[in-house]
Amino acid sequence: MSKARAAKKPVAQNGTPNPAIRKIGISTGGGDAPGLNAVIRAVVLAAHNHGWECCGIRDGYSGMLSPARYPQGGMIPLNPQSVRGITHLGGTLLGTTNVGHPLHYPTQLRSGKIVERDRSDELVQALGEARIDAVVAIGGDGSLGIAKVLADKGVRVVGVPKTIDNDLDGTVVTFGFDTAVSFATDCLDRLHTTAASHHRIMVVEVMGRYAGWIALAAGVAGSADAVLIPEIPYDLGTVVDKVQKRDRAGAGFSIVVVAEGAMPRGGKASVIEKRLGAMDRLGGAGERVAKALQQTTGKETRHVVLGHLLRGGTPTAADRQISLRFGAAAVRALAEGKSGVMVALDPPTVRYVPLGVATKRMKVVPLDCDTVLTARELGMCLGD
Ligand code: F6P
């Protein structure tokens, strides 16, 4: 008997039998994060063990919604050979996008005007036509919100939480975060020596739109003197005090980490572009702090933006393991008849959280969490 025929018939959580799965579609959406390829590999290998076929959808769901854009096909057949040797590779072999939201799909009218259209019903239909029986949706809050809509429309779907920002609720951590923090920490180590040599203030901007997890974790690990996060609107005066106190103590330099979504007390995050069908583009938070610090302290101040560097490169061993566990757990969930859930890390295990719960609110840094307390106890300035 072929593996496909021998595969166990999935049974829904309520005990009713599900139609057998033959083919899984995999989608990666939103900003890329180290570990995406590892998740894809785990899904494909685990699905193969069930005798299930896999295909990847290009660029979120654009491969299905705008197939004409892909002369080579909007979908990529995936098998154990095609995912060989990709665990350590950054990016996603499927491509991704953060402007092709099926519920707000940017569409050009004859007049040239671009409007947003809800194309979710077309997507459900296209999945059916492609004979995709279940979807593994790998993404952040946007992509998992789309997954929830698909589940509500009857598509079997399991989500996998991705984002370097670590701002998804329901999971202890998302994959990609550890790699971003490790790289940012390495950069802080490097910046310490140059800042000390030049007696400067170095301001380092890291990603973190709504949540300051990367800034805080890297700031603590990399011994920053001040860390400014979106959760704590900052008073520049407190950072100036910190810098001057260090100078009086003979340090002569300071390192300030700024999350891209950080804002001054009573002010707003630095938006450089408003976009249709996509999030506002942030930028300039670090530069704004650097200019203000130089003006106020009179000390030479330079800034550096780590930005997309944090999203690239080889995933750390921790991120590879989480990614592989998430991918395998997503297939396990489908085999157990689960749908409409997100795989979540709950050490030492993984569990499943309803997509509606996972996407209900953003996981921001709680101001009484241990890392915030630690930062304060180490004498770090948090801008308040
Ligand atoms: O991956 C999340 C994130 O890193 C946010 O912190 C950031 O604002 C956004 O992606 C930027 O994405 P892009 O520049 O690719 O549009």
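This structure is a prediction, so every number in the text was calculated from the model and none was measured.

1. Let's talk about the domain arrangement of the chain
Here comes step 1: Domain assignment breaks the chain into domain 1 (3-175 + 315-347) and domain 2 (178-311 + 366-377).
Here comes step 2: Inter-centroid distance (C-alpha atoms) of domain 1 to domain 2 is 34 Å.
Here comes step 3: Of the roughly 1500 Å² buried at the junction of domain 1 and domain 2 (both faces included), carbon and sulfur atoms supply 54%.
Here comes step 4: Area buried by domain 1 at its contact with domain 2 is led by Asn98, Ile164 and Asp165, which between them contribute 34% of it.

2. Quick look at helix 10 (residues 317-335)
Here comes step 1: With 19 residues, helix 10 extends 27 Å from end C-alpha to end C-alpha; this agrees with the ideal 27 Å at 1.5 Å per step.
Here comes step 2: Asp319, Ile322, Ser323, Phe326, Gly327, Ala329, Ala330, Val331, Ala333 and Leu334 are the residues of helix 10 that are buried.
Here comes step 3: Looking one or two residues beyond helix 10, the residue adopting positive phi is glycine 337, at roughly 85°.

3. Focus: the site of the ligand
Here comes step 1: Around the ligand, the neighbouring residues are Asn98, Asp165, Met207, Gly208, Arg209, Glu260, Arg275, His308 and Arg311.
Here comes step 2: Within the side chain of aspartate 165, one N or O atom sits 2.7 Å away from an oxygen atom of the ligand.
Here comes step 3: Look at the ligand: alone it shows 400 Å² of surface, and the protein chains cover 87% of it.
Here comes step 4: A class-by-class count of the residues in the shell around the ligand yields 1 nonpolar, 3 polar and 5 charged.

4. Some details on the pattern of salt bridges
Here comes step 1: Summed over all chains, the structure comprises 17 salt bridges.
Here comes step 2: When the shortest N-O distance is used, the salt bridge between arginine 190 and aspartate 186 registers 3.3 Å. Residue arginine 190 and its partner aspartate 186 are both found in helix 6 (residues 177-198); the two are separated by 4 residues, about one turn of the helix.
Here comes step 3: Taking relative accessible area as the criterion, aspartate 186 reaches 31% and is therefore assigned partly exposed.
Here comes step 4: For arginine 376, the salt bridge goes to aspartate 384, with nearest N and O atoms at 2.8 Å.
Here comes step 5: When its relative accessible area of 40% is taken as the criterion, aspartate 384 is described as partly exposed.
Here comes step 6: Via salt bridges that share partners, Arg117, Arg119 and Glu122 belong to a single interconnected network.

5. Side note on a nonpolar patch on the surface
Here comes step 1: Taken together, Tyr210, Met279 and Val364 make up a surface patch of nonpolar side chains, about 250 Å² in accessible area.
Here comes step 2: Residue placement: valine 364 occurs in the loop between helix 11 (355-358) and helix 12 (370-377).

6. Some words on the packing of helix 6 against helix 7 (residues 213-221)
Here comes step 1: Put simply, helix 6 and helix 7 touch, their axes get as near as 8 Å, and they point 45° apart. When the axis of helix 6 is compared with that of helix 7, the two are oblique. Crossing angle aside, the handedness with which helix 6 passes helix 7 is right-handed. Judged by residue contacts, Phe177, Ala180, Val181, Ala184, Thr185 and Leu188 of helix 6 engage Trp213, Ile214, Ala217, Ala218, Gly219 and Ala221 from helix 7.
Here comes step 2: Taken together, the residues that form the contact of helix 6 with helix 7 break down as 10 nonpolar, 2 polar and no charged.

Calculation rules
Residues numbered from 1 in each chain as written. Predicted model: local features only at pLDDT ≥ 70, side-chain atom pairs only at ≥ 80, totals over all residues. Heavy atoms only, no water. Domains from an automatic or database assignment. Buried area = accessible area lost by both parts, 1.4 Å probe. Helix = DSSP H or I, 4+ residues; strand = E, 2+ residues; numbered from the N terminus. Expected span 1.5 Å × (residues − 1). Buried < 20%, exposed > 50% of the residue type's maximum accessible area, 1.4 Å probe, protein only. Near = heavy atom within 4 Å. Polar contact = N/O pair within 3.5 Å; in protein donor to acceptor, adjacent residues only side chain to side chain. Areas by Shrake-Rupley, 256 points an atom, 1.4 Å probe, with all protein chains shown as cover. Nonpolar A, V, L, I, M, F, W, Y, C, P; charged D, E, K, R; others polar. Salt bridge = Lys/Arg side-chain N within 4 Å of Asp/Glu carboxyl O. Patch = residues over 30% accessible without salt bridge, like charges linked within 9 Å, V, L, I, M, F, W, Y side chains within 5 Å. Axes fitted to C-alpha atoms, helices over the stretch in contact; angles between N-to-C directions. Parallel < 35°, antiparallel > 145°, perpendicular 65-115°, else oblique. Left-handed = near helix turned anticlockwise from the far one by under 90°. Contact = heavy atoms within 4.5 Å.

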